[in-house]
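# Breakdown of the fold
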Amino acid sequence: MISEQISEQTEKKLKEIIAQYPDPKSTVIAALYLVQEEKGYLSNEAMLWVAEKLDLPAVRVKEVATFYSMFRQQAVGKYHIQLCRTLSCMVTGSKALLEKIKTRLKLRPHEVSADGMWSYEEVECLGSCGSGPAMLINDTLFEHLTPEKLNNIINRIEAEQPDLSYSTLKETLGQGLK
Amino acid sequence: MKILTTNIKLSNQSDIHIYESRGGYKSAAKAMNLPAETIVEEVKASGLRGRGGAGFPTGIKWGFVPKNQDLPTYLVMNADESEPGTFKDKLLLEQDPHLCLEGLIIAAKALNVHLAIIYIRGEYAYGATVMQKAIKQAYLAGYLGEKIFKSKYALDVILHRGAGAYICGEETALLNSIEGKRGQPRLKPPFPAVSGLYGCPTIINNVETLANLPWIIEHSGSSYAKIGTAKSTGTKLISVSGNVSQPGVYEVELGYPVLDFIQNECRGIANGKKLKAVIPGGSSVAVLRADELNNLKLDYESLLAAGSMLGSGGMIVLDETIDMVEVCANLQNFYAYESCGQCTPCREGGHWVEKLCRKLVNGTGTRKDLDLVQSVCSGIAGKTICPFGDALVSPTLSFIKKFPEEFEKKIFRIKTYVR
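Residues numbered from 1 in each chain as written. Chains lettered and ligands numbered in written order. Predicted model: local features only at pLDDT ≥ 70, side-chain atom pairs only at ≥ 80, totals over all residues. Heavy atoms only, no water.

A few words on the overall build of chain B. Helix and strand counts for chain B come out as 18 helices and 11 strands. Taken over C-alpha atoms, the radius of gyration comes to 22 Å for chain B, in line with the 22 Å a tight globule of 419 residues would show. Along the first, second and third principal axes, the C-alpha atoms of chain B reach 95 × 45 × 35 Å. Counting all 419 residues of chain B, 62% fall into the buried class. Long-range contacts, defined here as pairs at least 24 residues apart, represent 71% of the contacts in chain B between residues at least 6 apart. As displayed, chain B offers around 16,300 Å² of accessible surface, 54% of which is attributable to carbon and sulfur atoms. If the 47 positive side-chain charges of chain B are averaged to one point and the 42 negative ones to another, these points end up 3 Å apart. (Helix = DSSP H or I, 4+ residues; strand = E, 2+ residues; numbered from the N terminus. Rg over C-alpha atoms; globule rule 2.2 N^0.38 Å. Buried < 20%, exposed > 50% of the residue type's maximum accessible area, 1.4 Å probe, protein only. Contact = heavy atoms within 4.5 Å. Areas by Shrake-Rupley, 256 points an atom, 1.4 Å probe, with all protein chains shown as cover. Lys, Arg positive; Asp, Glu negative; His and termini not counted. Charge placed at Lys NZ, Arg CZ, Asp CG, Glu CD.)

This is how it looks when you write it as structure tokens:
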């Protein structure tokens, strides 16, 4: 297998991060974030690139990539909804939100819409228990949700196409909805 | 009495100049001129206990680092807040990042640490950007880097993002994660204070624990020990969620009565409903029925005596309309999903218990299933490398023990017809 083509700026950023640590192996997570940011998901070729740069066996990278829930091995929509389903959000109404997402997007969990815009999944506690029900769209948090608010957010995202992602490259979070 | 939240909700507190204008970084500057032993003694005298969940005395934990050794010592700020119901560190990280950093600098000086790592959970992307900015400002101000506060001391700080794993809040799983491995807990001993990150002595402290240090250095440990109760000193952030009128993060003196807290701070139960139960310290502690809360105080000892724990201070309040079997199944789903998979009892048992609870919720569970839940639980508790197994078992058993009639009602019975 030949490793993925990765841009020079990603490689440059990885070198900067490696320089901070006593041991380059500590940057596996950061490297996977960088590659996922560039490619959208982690293919075997992308993980191999990380393994080569950090001088690790490929399996050491893959075992990390498959352990953490924020790494993906297949493509997701441009906007990926992660709806919290844990206790505090459940008692404040996350089930009704899930129904709304299902009827609105007409997708199964992890399925990507035909236009590539949407996908969703249920996730565990996001640490927004006091302002639930909550969800992340990419890396941006939306709180105090109701089915109507959720519908409205989806409409606005479709109209505005905002940046909602955290960039490891730039160390910034997208500007979000207007 | 407020120690941690005096400046919360004031605008631009995350800007270093605003933080300094309110007296910020004076304690860290003071600590630079104190011998390390003095800082450790002050923290010991304060009685400060770890705010992450275990409640172990911070000064004593620091004392476990071996003296006179050649290896470097590392310090980690545990900002991997993932316990359901807990969102107090998020408040500090996002609203007052310099308070957290100042605490980190003081702890680093006390432990002779020159590299500290902030491990923040991946989902806290906004918190990471705020913290990253605060770190950059601190470097520019000369509070981090070489010769900090014009002393000879050097300290570097790295912000390390996790990537979605509850278990990384466990100290040794967190260290494995920083080393670029799967977040699976290590066997103890050796404890991290002796052999932690890269095999070197490492101290891991919770965000809230560290955020108390500037106050302790400013006012002395003995002043801190006067707040709260004799064994649970100081204040504690309580993050309240569920069916209360005003959920949120509240700073209270330890020893505050639970029912008064819910009534006065959280403005009672939402929508005029009646209180049914409280999970006082995050999802991993035993549930308490409303009738068990009379005269119960919010501190480590009182809650332990009541058969539960103060834990992380993540309080989940449940009203009379909540189905406790469903609550139990919901939490089992969490634990089954979040098990790191290292130990068989937890990996297999978690899913097993979850399936059985799900059957009970759906009305297809039998008495045998309910008995089996308890038997599987006894096969998990105390039989795993880390406390995750116990964290799964203790709430489950408490739900069954304290709300037996609700479980009983869900049991599927074959109807027998008599002619």
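This next bit is on the nonpolar core. If you look at the biggest cluster of nonpolar residues, it comprises 152 residues, and the most contacted ones within it are L32(A), Y68(A), Y25(B), W62(B), I105(B), I118(B) and L155(B). If one sorts the elements of this core by residue count, helix 6 (residues 97-111) of chain B sits on top with 10 residues. Every residue in contact with L32(A), bar those within four places of it in the chain, is listed here: L42(A), M47(A), V50(A), V61(A), V64(A), A65(A) and F71(A). One finds I238(B), Y256(B), C266(B) and L288(B) within the second-largest nonpolar core, a separate group that totals 22 residues. (Core = buried A, V, L, I, M, F, W, Y, C linked by side-chain atoms within 4.5 Å.)

All right, on to the environment of L4(B) then. All names here are of chain B. In this fold, L4 is placed in the segment before helix 1 (16-21). Separated by 233 residues in sequence, L4 and L237 have C-alpha atoms that sit 8.1 Å apart. Aside from chain neighbours lying at most four places away, what touches L4 is L92, D96, L99, E208, A211, N212, T235, L237 and E251.

Right, let's talk about the packing of helix 14 (residues 324-338) of chain B against helix 17 (residues 388-402) of chain B for a bit. Residue and element names in this part refer to chain B. For the pair helix 14 and helix 17, interaxial distance at closest approach is 10 Å and the crossing angle is 170 degrees. With respect to each other, helix 14 and helix 17 are oriented roughly antiparallel. Listed contacts from helix 17 to M324, V327, C328, L331, Q332, Y335 and E338 of helix 14 are F388, A391, L392, T396 and F399. (Axes fitted to C-alpha atoms, helices over the stretch in contact; angles between N-to-C directions. Parallel < 35°, antiparallel > 145°, perpendicular 65-115°, else oblique.)

Below, the discussion takes up the sheet that holds strand 1 (residues 79-84) of chain A. All names here are of chain A. One open sheet accounts for 4 strands, arranged 2-1-3-4; its pairing is mixed. Where the open sheet ends on each side, the last strands, each with one partner, are strand 2 (118-123) and strand 4 (140-142). Strand-to-strand twist of the sheet, defined as the mean angle between neighbouring strand axes without regard to direction, takes the value 25 degrees. (Pairing = 2+ DSSP bridges.)

Looking now at the packing of helix 1 (residues 8-20) of chain A against helix 3 (residues 44-54) of chain A. Residues and elements named next belong to chain A. For the pair helix 1 and helix 3, interaxial distance at closest approach is 12 Å and the crossing angle is 45 degrees. By the criterion of interaxial angle, the relationship of helix 1 to helix 3 is oblique. By crossing handedness, the relation of helix 1 to helix 3 is classed as right-handed. Note on element contacts: helix 3 touches helix 1 through W49, K53 and L54, opposite T10, E11, L14 and I18. Here the residues of the contact of helix 1 with helix 3 sort into 4 nonpolar, 1 polar and 2 charged. (Left-handed = near helix turned anticlockwise from the far one by under 90°. Nonpolar A, V, L, I, M, F, W, Y, C, P; charged D, E, K, R; others polar.)

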